[in-house]
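# Structural features, examined
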Amino acid sequence: MGYNKLTSLSANIKAIETAVAIHSQGRTATQEEKQVLAQYSGFGGIKDVLDLGTDKPLDKGVAGLLNRLLDALRTLAGGDEAACRSLVESIKSSVLTAFYTPQFLIDAVAAQIHKTFSANGLQMQSFLEPSAGIGGFLPVAMPGTRSYAFEKDTITGLVLSLLHEDATAVTAGKFDVIASNIPFGNFRVFDADLWKKGGIYEQATKTIHNYFFVKAMELLSEGGLLAFVTSRGVADTAGNKFVREYLVNHADLVSAVRLPDALFMQTSGIEVGSDLLIFQKHTNKA
């Protein structure tokens, strides 16, 4: 079935209302509630939410849904208007970047990585999904693996934590595998550690897609695998040459797959050029 904005918006709001209720009651989610939470697909491309908290009248077709969303956010904020505005702004800031990955692609990445570890008699010790959304790539982690996830958006992070109680949202140390569908755009990232290193590290913080590649490579264990779904601009754009050179100098290319333009039509209703890039960390390579 194709993407439908109203269906997606309705499912998102039902998931948020469910998450807020569970959070307010201080308990874990039931299996039935997790099925509702799992329908959350973020607000990427749903520009109607940009009118929340403004003087602009809400579109009649979505006004009822958006008012329900505001009610849920006010409940989560405990009546604190400043906190509610912060939640609204967090959702708005995700409109340009929150496009979720189709399940079949996640399954393919997970199966191939599991096969690689098993064929070599290796046990995955730790896994990180940055830009996690609701943890679509967490199945990449093998049984017994310590799983970590990071999500910037507050509401999405709440849904993530309720869906995956065994994953922690605190990232530290080194990771055997890092996999995600990363954001793309000319958004600067605050990272004092990379700024201090200067050079290409500081340059990478100027665009969020380049930042994810460099930061992830720094967090990988030697020999670890990095699998990112990203815009074609990382591989094609002249301005990203420095990050390609960084990756070639710090890792071996395992796979580069150019994905169909229509890949995200079912989950987000957009056509966009994207690649699946997989690297194995190899420091000091010849």
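Parameters and conventions
Residues numbered from 1 in each chain as written. Predicted model: local features only at pLDDT ≥ 70, side-chain atom pairs only at ≥ 80, totals over all residues. Heavy atoms only, no water. Helix = DSSP H or I, 4+ residues; strand = E, 2+ residues; numbered from the N terminus. Rg over C-alpha atoms; globule rule 2.2 N^0.38 Å. Buried < 20%, exposed > 50% of the residue type's maximum accessible area, 1.4 Å probe, protein only. Contact = heavy atoms within 4.5 Å. Pairing = 2+ DSSP bridges. Axes fitted to C-alpha atoms, helices over the stretch in contact; angles between N-to-C directions. Core = buried A, V, L, I, M, F, W, Y, C linked by side-chain atoms within 4.5 Å. Parallel < 35°, antiparallel > 145°, perpendicular 65-115°, else oblique. Left-handed = near helix turned anticlockwise from the far one by under 90°. Salt bridge = Lys/Arg side-chain N within 4 Å of Asp/Glu carboxyl O. Polar contact = N/O pair within 3.5 Å; in protein donor to acceptor, adjacent residues only side chain to side chain. pLDDT = per-residue confidence, 0-100.

With that settled, consider the overall build of the protein chain. Scanning the protein chain from N- to C-terminus turns up 12 helices and six strands. Compactness check: the protein chain gives a C-alpha radius of gyration of 19 Å against a globular reference of 19 Å for 286 residues, within 12% of the reference. In terms of overall dimensions, the protein chain has a C-alpha envelope of 60 × 40 × 40 Å along the principal axes. Looking at the 286 residues of the protein chain, the share that counts as buried comes to 47%. Of all intrachain contacts in the protein chain linking residues separated by at least 6 positions in sequence, the fraction that spans at least 24 positions is 66%.

The next subject is the sheet that holds strand 3 (residues 175-181). Where strands meet in a sheet, backbone hydrogen bonds hold them as pairs that are either parallel or antiparallel. Strand order in the open sheet made by the six strands is 2-1-3-4-6-5, with mixed pairing throughout. With one partner strand each, in any of the chains shown, strand 2 (146-149) and strand 5 (251-259) form the two edges of the open sheet. Averaged over all pairs of adjacent strands, the angle between their axes in this sheet comes to 10°, without regard to strand direction. Set on the sheet, helix 11 (residues 241-250) makes contact with strand 5 and strand 6 (274-281); between it and strand 5 the angle comes to about 130°.

For the rest of this paragraph, the subject is the nonpolar core. By size, the foremost hydrophobic cluster in this structure holds 35 residues, and its most contacted members are Tyr40, Phe43, Val49 and Leu69. Mapped by element, the contributors of at least two residues to this core are helix 1 (5-25), helix 3 (63-76), helix 4 (81-92) and helix 6 (154-163). The element that contributes the greatest number of residues to this core is helix 1, accounting for seven residues. With residues up to four places along the chain from it excluded, the contact list for Phe43 reads Leu9, Asn12, Ile16, Val49, Leu69, Ile91, Ser94, Val95 and Ala98. Formed by 27 residues, the second largest nonpolar core is a distinct cluster that contains Phe175, Met217, Val234 and Leu277.

A few words now on the packing of helix 1 against helix 6. Following both chains from N to C, one finds helix 1 and helix 6 inclined at 65°, their axes separated by 10 Å at the closest point. What the angle tells us is that helix 1 and helix 6 run roughly perpendicular. Regarding helix 1 and helix 6, the two cross each other, and that crossing is left-handed. Note on element contacts: helix 6 touches helix 1 through Ile155, Leu158, Val159 and Leu162, opposite Ile16, Ala19, Val20, Ile22 and His23.

Going through the model one piece at a time under the given rule, you end up with 11 salt bridges. A salt bridge links Arg27 to Glu33; the nearest nitrogen and oxygen atoms lie 2.7 Å apart. Here Arg27 falls in the partly exposed class, since its relative accessible area comes to 33%. Taking the shortest distance from any N to any O, the salt bridge between Asp71 and Arg74 comes out at 3.5 Å. With a gap of three residues between them, Asp71 and Arg74 both fall in helix 3, about one helical turn apart.

With that out of the way, let us pick up unusual backbone geometry. Not every positive phi belongs to a glycine, and Ser131 is a case in point at roughly 50°. Checked against the element boundaries, Ser131 lands in the loop between strand 1 (126-129) and strand 2. We classify Ser131 as partly exposed; its relative accessible area is 22%. Not every positive phi belongs to a glycine, and Asn284 is a case in point at roughly 60°. In this structure, Asn284 sits in the segment after strand 6.

Looking at the element boundaries, Asp153 is found in the loop between strand 2 and helix 6. In this structure the side chain of Asp153 is engaged in a polar contact, spanning 2.5 Å, whose partner is the side chain of Thr156. With residues up to four places along the chain from it excluded, the contact list for Asp153 reads Tyr40, Ser90 and Ile91.

Mean pLDDT over the protein chain works out to 86, with 96% of the residues at or above the 70 mark. Looking at the elements of the protein chain, mean pLDDT is at its lowest for helix 12 (residues 265-268), recorded as 70, and at its highest for helix 2 (residues 31-37), recorded as 94.

Orientation of helix 3 relative to helix 4, taken along the N-to-C sense of each, is 130°, at an axis distance of 8 Å. Classified by the interaxial angle, the pair formed by helix 3 and helix 4 is oblique. For the element pair helix 3 and helix 4, the recorded crossing hand is right-handed. Where helix 3 approaches helix 4, its residues Leu69, Leu70, Leu73, Arg74 and Leu76 are matched on the opposing element by Glu81, Cys84, Leu87, Val88 and Ile91.

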